[in-house]
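Below are the chains, spelled out letter by letter.
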Amino acid sequence: MAHLVDREFVERANTMLLLGILWGGLGVCVIGALAYDIAYWVEGW
């Protein structure tokens, strides 16, 4: 049976998906930390 999708394409797509999840999670953590710090600074006023 012939391959319907190129193996390298699938590997690149998986890599991009995983990197997207990784960087997206890191971005959410950074935004959460900034929101926490801003709330802490505003509370101190």
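See above for the structure.
Residues numbered from 1 in each chain as written. Predicted model: local features only at pLDDT ≥ 70, side-chain atom pairs only at ≥ 80, totals over all residues. Heavy atoms only, no water.

Caption draft 1: Quick look at the overall build of the protein chain. Across its full length, the protein chain carries one helix and zero strands. Dimensions of the protein chain along its principal axes, counting C-alpha atoms only, are 70 × 10 × 5 Å. With 45 residues in all, the protein chain has 0% of them scored as buried. Carbon and sulfur atoms make up 73% of the accessible area of the protein chain, which amounts to about 4,600 Å² in all. (Helix = DSSP H or I, 4+ residues; strand = E, 2+ residues; numbered from the N terminus. Buried < 20%, exposed > 50% of the residue type's maximum accessible area, 1.4 Å probe, protein only. Areas by Shrake-Rupley, 256 points an atom, 1.4 Å probe, with all protein chains shown as cover.)

Caption draft 2: Local environment of the pattern of salt bridges. For the structure shown, the criterion picks out one salt bridge. As a salt-bridge pair, Glu11 and Arg7 come within 3.3 Å of each other at their nearest N and O atoms. Separated by four residues within a single helix, Glu11 and Arg7 lie in helix H1 (residues 7-43), roughly one turn from each other. Taking the relative accessible area as the measure of exposure, Glu11 reaches 42% and is therefore partly exposed. (Salt bridge = Lys/Arg side-chain N within 4 Å of Asp/Glu carboxyl O.)

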